[in-house]
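Topology and contacts: notes
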2 protein chains.
Amino acid sequence: MQKRYLLNESELPTRWYNMLADMPVKPMPPIHPGTKEPMDVDGLSQIFARECAKQELDTEHVWIDIPEPVLEQYKYYRATPLVRAHGLEQALGTPAHIYFKNESVNPLGSHKLNSAIPQCYYCKQEGVTNVTTETGAGQWGAALSYAAKIYGLECAVYQVKVSMQQKPYRSSIMRTFGATVVGSPSMSTRAGKDIITRDPNHPGSLGTAISEAIELATTTPNCKYTLGSVLNHVALHQTIIGLEAEKQMAMAGEYPDVVIACFGGGSNFGGLAFPFMRHNLHDGKTTRFIAAEPDSCPKLTRGEFRYDFGDSAGYTPLLPMYTLGHDFKPANIHAGGLRYHGAGVIVSQLLKEGMMQGVDIPQLETFESATLFARTEGIIPAPESAHAIAATIREAKRCKQTGEEKVILFNLSGHGLIDMAAYDQYNNGDLINYAYQPAK
Amino acid sequence: MQKRYLLNESELPTRWYNMLADMPVKPMPPIHPGTKEPMDVDGLSQIFARECAKQELDTEHVWIDIPEPVLEQYKYYRATPLVRAHGLEQALGTPAHIYFKNESVNPLGSHKLNSAIPQCYYCKQEGVTNVTTETGAGQWGAALSYAAKIYGLECAVYQVKVSMQQKPYRSSIMRTFGATVVGSPSMSTRAGKDIITRDPNHPGSLGTAISEAIELATTTPNCKYTLGSVLNHVALHQTIIGLEAEKQMAMAGEYPDVVIACFGGGSNFGGLAFPFMRHNLHDGKTTRFIAAEPDSCPKLTRGEFRYDFGDSAGYTPLLPMYTLGHDFKPANIHAGGLRYHGAGVIVSQLLKEGMMQGVDIPQLETFESATLFARTEGIIPAPESAHAIAATIREAKRCKQTGEEKVILFNLSGHGLIDMAAYDQYNNGDLINYAYQPAK
């Protein structure tokens, strides 16, 4: 009974899949908030590494070569295993075949390193000396801290204040990798001061932290901003996940009927789903794609499709997205990586066209699912990833009712070892569900 | 530039290597503390699963088949990668080739699962319903909690009190896997009460926790005690590490001149070292074997070779070992898994014969080494494993002086993600070295 499907170094994908270039209907462009004109590479390069800005707008090249030095770094931890979850299947008594892509064995604990490495690599190539970013749960911040260290870049991270308090050890990890960590909203930026002045107890969100990081980047010489999700180039880098999974599913002699990932801005979802989606586009496959979001932060299931800012202060370009409003203040759920008001541009377009769907999951169901997964598969999942597990379990139970032997593939985007305070609360019965509270 | 050496499922070792049967000079037997007679399988089976007791005394079979169901469980996470530490080499500017066996990608975060699975499997086969154990840092307790869940056994863990306070999240992990966790010394056993009565502030040690767990096992129907290190059968199960590493080093076209592991009771050291040691015994190899222990708990470098108890209360058989005395109270270093007064029987015999050596490392040097390793290899190591890294760095620096291209292989026995409070202390300059304080 095979459990894990591995790839040799020589079988690693050497190109990323650029969904943007392959989409029959392109999303609307990012727009400059002042001029209301579409942003070009020069405009985006004010904030991002130029190569990332080019990738962000690249509607021409369906395949983009992974630079050789990035591939060398990938080889430290990739390919990650594809695992058949026999234990979970048995516990559920489902005829479904459940597979997961195990991004949690990545040394930084999540899939985020897949984009942190190329972003820092491009910055280094372009003569940048400092990088900055936001982080929620801290997975992206930890990944960027390490990637910056690889390329000798200084790194400053704005971490969402409530996540910093819930997961203090994640800041310790970033500090151990040599990064400077600041809780957001902070008094160190104009954006942060404005937020604190309006609301002294603001718990922070990815939106506030992005504002602060962008402000730092645009007011510091030789400093670029990096983002861990939402944007096209981030999802592009993450397609390494799905491209590997495709080969590994073939080793298992199966092809997924359903692909599931949790959803914050779209990086782990897009990373797994996009490579499979191209076979729906071109090869007549009919795989269903499900993005699992918190029911207290439901932009996919209850958001509005319109142009909105990616951050709280309104520093980013305007993006066409499903959004709860850039001033939306997410509930203090433990899945800090999913506390974001908007969906990435590509995913928003796909959702609008019905090529994928969203499901929203209450917090308690995510921890119940996470605990079952831990006890049957031996891995404590990140609260974020637990949303994907919960959605998977729903599908698998449906298969039990119908008797269908569906093949379900989900992304275990990260482990939950830094989230044990949340598990403690759950085990003690102190965890609650939060209702969705629309922005005022 | 190859970084990781992986094995396919079909290349997994299917037998453990039994050092005890292969040693030219056998260690003296375990002795019953009452009768002073050598213990036999029946005697040891009072405490341990019968199959483990048989393995403990097996001087006949050099190779022992891994049961098929255990192999099936191993396949969830094994083989673990062998990694060439190019980043660390470059940072040190050493001509040495540094490899590490990465047991930290194991879903429970350390090598301990390798023995937890067979021990619980044998218990289940023999009709046992409850298992109990001690744990220091919590790596063994976490592994046993999950392994017990696989086989439907109830699990109770006595965790060293100071480790429980230093690493609260490790108990959360055990609870998430469904185990009962008690801080040791506790008032729930006679042994615990005796210790607390004599010393109300006793921080606990592996010795106190073993006493409590054994007492629970011997006073509870259908309950067996399991141990995570020290004993022969535990090191036997761990030889899967070295047997894999041997194949992987061959893939890299190298053979280790030096093999290094941290040392608590000997399970990760023996697991990596014994399979290579057989080539010193039989094939004329001259590899050096180095066990790295805390300088505040230096049984290998400053202990006495004699019969001693394995626990504080004197419940275990008397074992011929290098020991600091079973009433030794180790300093509160963060490497909880190394806070143990004695060395396993096989290792003690090998040390006595000069077939291996010990080195002792101060706490601050371990964290300095751990931080360099994290920043160059992207993995935050367990404070225990950091002892092996420190010893490796010493060797690599020596190679830099002499110009020797030695091949160094060390065991990264676990990650340090549950130890971030310790890293915080180190980063804040609050961590200190402890001098060795002999037992009174």
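Going by the structure above, here's the rest.
About the criteria used
Residues numbered from 1 in each chain as written. Chains lettered and ligands numbered in written order. Predicted model: local features only at pLDDT ≥ 70, side-chain atom pairs only at ≥ 80, totals over all residues. Heavy atoms only, no water. Helix = DSSP H or I, 4+ residues; strand = E, 2+ residues; numbered from the N terminus. Rg over C-alpha atoms; globule rule 2.2 N^0.38 Å. Buried < 20%, exposed > 50% of the residue type's maximum accessible area, 1.4 Å probe, protein only. Contact = heavy atoms within 4.5 Å. Areas by Shrake-Rupley, 256 points an atom, 1.4 Å probe, with all protein chains shown as cover. Pairing = 2+ DSSP bridges. Axes fitted to C-alpha atoms, helices over the stretch in contact; angles between N-to-C directions. Salt bridge = Lys/Arg side-chain N within 4 Å of Asp/Glu carboxyl O. Left-handed = near helix turned anticlockwise from the far one by under 90°. Nonpolar A, V, L, I, M, F, W, Y, C, P; charged D, E, K, R; others polar. Buried area = accessible area lost by both parts, 1.4 Å probe. Least-squares fit on C-alpha atoms with pLDDT ≥ 70 in both. Polar contact = N/O pair within 3.5 Å; in protein donor to acceptor, adjacent residues only side chain to side chain.

Let's talk about the overall build of chain A
A tally of helices and strands in chain A yields 18 helices and 15 strands. Relative to a compact globule of 440 residues, whose C-alpha radius of gyration would be 22 Å, chain A shows 20 Å and is just as compact. Its C-alpha atoms put chain A at 60 × 50 × 40 Å along the principal axes. The buried share among the 440 residues of chain A stands at 68%. Contacts in chain A between residues far apart in sequence, at least 24 positions, make up 77% of those at least 6 positions apart. For chain A, the accessible area works out to roughly 14,000 Å², and carbon and sulfur atoms hold 49% of it.

As for the sheet that holds strand β7 (residues 154–160) of chain B
Residues and elements named next belong to chain B. Overall, parallel pairing links the four strands, which are arranged β8-β7-β6-β9 in an open sheet. Edge positions in the open sheet fall to β8 (180–184) and β9 (223–225), since each of these has one partner strand only. This sheet shows a mean twist of 20° between the axes of neighbouring strands, independent of strand direction. Here strand β6 (residues 130–135) pairs with β7 via six bridges, running parallel. Counterpart to threonine 135 in the pairing with β7 is glutamine 159. Sitting on the sheet, helix α7 (residues 139–150) is in contact with β6 and β7, with an inclination near 165° to β6.

Quick notes on the pattern of salt bridges
Applying the stated rule across the entire model yields 34 salt bridges over all chains. With a closest N to O distance of 3.7 Å, B:Lys54 and B:Glu51 form a salt bridge. Residue B:Lys54 and its partner B:Glu51 are located together in helix α3 (residues 50–57), separated by three residues, close to a single helical turn. B:Glu365 is the salt-bridge partner of B:Arg394, the closest N and O atoms lying 2.9 Å from each other. Note that B:Arg394 is positioned in helix α17 (residues 383–402) and B:Glu365 in helix α16 (residues 363–377), a separation of 29 residues in sequence. A cluster of three or more residues bridged by salt bridges with shared partners is formed by A:Arg78, A:Lys101, A:Glu103 and A:Glu244.

Let's talk about the packing of helix α6 (residues 113–125) of chain B against α7(B)
Residues and elements named next belong to chain B. In the contact formed by α6 and α7, the axes pass within 8 Å of each other and the chain directions differ by 35°. The crossing of α6 and α7 is right-handed. Note on element contacts: α7 touches α6 through Trp140, Ala143, Leu144, Tyr146, Ala147, Ala148 and Ile150, opposite Leu113, Ser115, Ala116, Ile117, Gln119 and Cys120. When the residues that make up the contact of α6 with α7 are grouped by side-chain class, the tally is eleven nonpolar, two polar and no charged.

Notes on the interface of chain B and chain A
Between chain B and chain A, the contact holds 46 residues from the first and 46 residues from the second. Taking both partners together, chain B and chain A bury about 4,100 Å²; carbon and sulfur atoms supply 55% of that area. Summed over the shared surface of chain B and chain A, the number is zero salt bridges. Among the elements of the structure, β4 (82–84), α5 (86–92), α7, α9 (168–176), α16 and α18 (420–427) of chain B are those that each provide at least two residues to the side of chain B that touches chain A. Partitioning the side of chain B that touches chain A into residue classes produces 23 nonpolar, eleven polar and twelve charged.

Examining unusual backbone geometry
Trans is the prevailing form of peptide bonds, just as negative phi is the prevailing case for residues other than glycine. Residue and element names in this part refer to chain A. Going from serine 184 to proline 185, the amide bond is cis rather than trans, its omega being 5°. Relative to the helices and strands, proline 185 is located in the loop between β8 (180–184) and α10 (190–198). Of note, the phi angle at valine 230 is positive, near 70°, even though the residue is not glycine. Relative to the helices and strands, valine 230 is located in the loop between β9 (223–225) and α12 (232–251).

Here we look at the relation of the copies chain B and chain A
Its rotation angle being 180°, the transformation that places chain B on chain A also includes 0.0 Å of axial translation and leaves an RMSD of 0.0 Å. The relationship between the two copies is best expressed as a two-fold rotation axis. Minimal C-alpha distance to the rotation axis in chain B is attained by B:Val105, lying at 2.8 Å. Here 100% of the contact residues of chain B are again contact residues in chain A; the copies associate through an equivalent surface.

Some words on the pairing of strand β15 (residues 407–412) of chain B
Residue and element names in this part refer to chain B. The element β15 is largely enclosed, with a buried count of six among its six residues. Residues of β15 alternate between two faces, with Val407, Leu409 and Asn411 on one and Ile408, Phe410 and Leu412 on the opposite face, all of them buried. Of the pairings in the sheet, the one linking strand β5 (residues 97–102) to β15 comprises six bridges and is parallel in character. Across the sheet, the residue bridging to asparagine 102 is leucine 412, located in β15. Examined bridge by bridge, strand β10 (residues 258–262) and β15 share three bridges and lie parallel to one another. When the bridges of β15 are listed, isoleucine 260 appears paired with phenylalanine 410.

Some remarks on the environment of B:Gln139
Residues and elements named next belong to chain B. Tracing the backbone shows glutamine 139 in helix α7. Separated by 34 residues in the primary sequence, glutamine 139 and isoleucine 173 place their C-alpha atoms 9.7 Å from one another. For glutamine 139, the contacting residues outside a window of four places in its chain are Leu108, Gly109, Ser110, Lys112, Arg170, Ala382, Gly414 and His415. In this structure the side chain of glutamine 139 is engaged in a polar contact, spanning 3.2 Å, whose partner is the side chain of arginine 170.

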